[in-house]
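# Overview (structure and organization)
Listed here are the chains, written in short residue letters.
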Amino acid sequence: MSSSSQAPESWISAFCSLVGHEYFAEVSEDFIEDDFNLTGLQSQVPMYKEALEMILDVEPEDASDEDEEEEEDEDEDEDDMQQDGTDGPGRGYRRATDAAAAAAERRHLRMASDLSVIESSAEMLYGLIHQRFITSRPGIQQMAEKYELGHFGHCPRVYCHSAKVLPVGCSDIPGQETVKLFCPSCLDVYSPPNSRFQTVDGAFFGSTFGCLFFMTFPELDIGGQMPEPSTAAQNSTNAAATKDSRSSLSSSLTSGQTQIPPPPIAGTVANAQLPTQPESINGVTPKNLAPGLGQGSIYEPRIYGFRVAEIAKTGPRMKWLRSRPADVNELDECRIWEQNQEATRGSAGITDGAADLGDSEMADENAEVDEGEVEDEEMHVNGAAPPSGGTQDENAAPVKEVTSRRRPSRRRGHDVLHNGENGGTALSVGGAG
Amino acid sequence: MDDFASDTDSDYTSYWRDWFISSRGNEYFCEIDEDYLTDRFNLTGLNTEVQYYQYALDLVTDVFDMEVDDDMREQIEKSARHLYGLVHARYVVTTRGLAKMMEKYKQGVFGKCPRVICESQHLLPMGQHDVANMSNVKLYCAKCEDIYNPKSSRHNTIDGAYFGSSFHNILFQVYPTLMPPKTQRRYEPRIYGFRVHASAALMRWQEERREAMKDRLRQRGIETGFEDEDEVEEEVESEEEEGEEAEDGIDDMFEGQMPAAAHVQ
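The rules behind these values
The residue numbering used here restarts from 1 in each chain and proceeds along that chain's sequence as written. By the order in which they are written, chains take letters starting at A while ligands take numbers starting at 1. Residue-level local features of this predicted model are given only where pLDDT is at least 70; pairs of side-chain atoms are given and counted only at 80 or more, and the full residue set underlies all totals for whole chains, interfaces and linings. Computation of side-chain values covers all heavy atoms of the structure but excludes hydrogens and water. UniProt positions are given in the numbering used here, feature names are shortened, and annotations may be inferred rather than shown by experiment. Strands pair, by our definition, only if DSSP identifies at least two bridges between them. Elements are defined by DSSP. Helices are runs of H or I of four residues or more, strands are runs of E of two residues or more, and each kind is numbered from the N terminus. Working convention: axes come from line fits to C-alpha atoms, limited for helices to the stretch in contact. Angles between N-to-C directions cover 0 to 180 degrees. Only centres within 6.5 Å qualify two rings of Phe, Tyr or Trp (six-membered ring in Trp) as a pair; their planes then separate them into stacked at under 30 degrees, edge-to-face at over 60, and tilted for everything else. Burial classes follow relative accessibility: with a 1.4 Å probe on protein chains only, a residue under 20% of its type's maximum area counts as buried, one over 50% as exposed, and anything between as partly exposed.

Named according to an unreviewed UniProt entry, chain B is Casein kinase II subunit beta originating from Oleoguttula mirabilis. Checking UniProt for chain B, the heading Function (unreviewed entry) contains the comment "Regulatory subunit of casein kinase II/CK2. As part of the kinase complex regulates the basal catalytic activity of the alpha subunit a constitutively active serine/threonine-protein kinase that phosphorylates a large number of substrates containing acidic residues C-terminal to the phosphorylated serine or threonine." Under Sequence similarities (unreviewed entry), UniProt gives the following word-for-word description of chain B: "Belongs to the casein kinase 2 subunit beta family."

An unreviewed UniProt entry lists chain A under the name Casein kinase II subunit beta, from Oleoguttula mirabilis. Quoted verbatim from the Function (unreviewed entry) field of UniProt, the annotation for chain A is "Regulatory subunit of casein kinase II/CK2. As part of the kinase complex regulates the basal catalytic activity of the alpha subunit a constitutively active serine/threonine-protein kinase that phosphorylates a large number of substrates containing acidic residues C-terminal to the phosphorylated serine or threonine."

Below you can see the structure in the form of structure tokens.
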């Protein structure tokens, strides 16, 4: 392996150019040399000192003095067996050259026996440093360049239209999971297509990196090679249209073929009803909030052009996973909560917020449910109500009241976290209540 | 021409279909029965779709024995592949075709779902269109009900119409027991262990959808098809509202799957 400084290139660049290590950024030496960045890693990596020297291409003889002195005492209690190996050459350097030569020989012997251990330790250490590095400013910048160049590949999901993905870990502890790919377009994680990445530990990227990256670069267009905005809109109207006119065979057939722009029928009405979209929803521009999800991007199982009913035993059950409100205002939980609060105070019964919510949800679900849908929706709105027959007979007004009372209790927890929202950090603790 | 391999052109392979399905990149195809291919009814309308239809059919059924130049041979070869694909789309929805594809599915010939949460669920090939030359073959995961691009480029050139948009759904209608249980677990983007508001809000919204759907299904007395339904279903809602951090640690990036605590609503 390319381990020592005899090699023309540094250990780091050699490591990063290995097959399967394409995802790694090259951690700058400055970063590694700053002890603060290595806090706590000593206890996680065996033969820490040797591994660090290997990464930095530091020969034990000419190890920089600060390195030696600062880490010596910590090392002594950690791995005593290395003492002769590391200390010897260090002193030899300071005293005389012949002593150094002897020490180098000893080092050589030790290296020969322990090389593989140190090598694997170095990889582990590098990975753990890498996890920290890519969340630092220079690191994330480097990863951004790799991202732009498509080094990490694309989302395999058809409706993500080859959105670029990022390597992430599902755990920050090494040895648990291999590296995964996070798609910002569908907010899901995928296994890398090539098996060579199955030897790369996910902890070397960490669970934080994926999301932090897209918050650091909010202006990135994460949507992949989406169809033109106009066609995208048409597609969604198309989907809406087919949902509205579910009895029409012709329209349901064409909806499978997104290339054909559909006649602007009922769908446009639905679009026109869409209220103005905010500049930013929950700290993200609506354009960049899971652009690969929502109407037109949900797979719709069909048999000979007819959609498989939800109530079929093998019918679709996972649409929720890929859904996204056409009107992102629905995700402004804080506003909805406030509106519901007002409504409760006014006890006027029907409020904007509740009506809004009910409407939009019905619009979305229109297709799947038929005659009974109104009751279903109301049921849903007032929060997982037990499926007791009572609700069926209730008329709209009482249900709405229930809604406005239920909502606050559901949202209370999230209200708290919204305060930090304006700062642009958009970091919040879920369910803090 | 309806006699199986009666007089085969021995210069070329004697069993064209054997060669075809065993050649690299054609792993997704199953072998179409001789009887099916020779029944004219099954080929209705294909003569307008395929150039050199008769020659191509002869080649597929191993009765092509005309001397033609290489260019022509190439053309016919291409047509034969196209014809085979189109017939394949019809064949795989027949009882025997389904059985063959089911076997391949069970063996995982079509690959595994790239989505981490699906845990290597086997995939099925499908097309988004039933008309040729519209899109390439995609892979359908029955667990997440989504479609993915094949990871190998050699499969990316196969026309989706060779499998059709109905086949995979019909397969599960015919073999409902093959339907894998769905999972409610999902990936949650987090930063230093904290969920990120934008995606978390979207996920809460999505989960409302899911609960609404489950309510609809339950009302009709239909199984929801989710794994561990009994334990999880009531838990999910409450889990969101109450102390979540207490339960799942920093490294638990997937939500759901909470052990049913003593918690009755």
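## Here we look at the sheet that holds strand S2 (residues 138-141) of chain B
Residue and element names in this part refer to chain B. Taken in spatial order, the three strands make up an open sheet running S1-S2-S3, and their pairing is antiparallel. Each edge of the sheet is formed by a strand with only one pairing partner; in this case those strands are strand S1 (123-126) and strand S3 (146-148). Adjacent strand axes in the sheet meet at a mean angle of 40 degrees, parallel and antiparallel pairs treated alike. Note: S1 against S2, four bridges, orientation antiparallel. In the strand pairing of S2, Met-126 is matched with Lys-138.

## Quick notes on the packing of aromatic side chains
Tallied over the full model, the rule gives 35 aromatic pairs over all chains. Between the aromatic rings of A:Tyr23 and A:Phe197, the centroid separation amounts to 4.0 Å while the plane-to-plane angle is 5 degrees, which identifies the pairing as stacked. One end of the pair, A:Tyr23, is in the loop between helix H1 (11-16) and helix H2 (29-33); the other, A:Phe197, is in the loop between strand S3 (188-190) and helix H8 (209-216), with 174 residues separating them in the sequence. Of the two residues, A:Tyr23 and A:Phe197, both sit in the buried class. Their ring planes at 65 degrees and their centres at 5.1 Å tell us that B:Tyr36 and B:Tyr91 sit as a pair that is edge-to-face.

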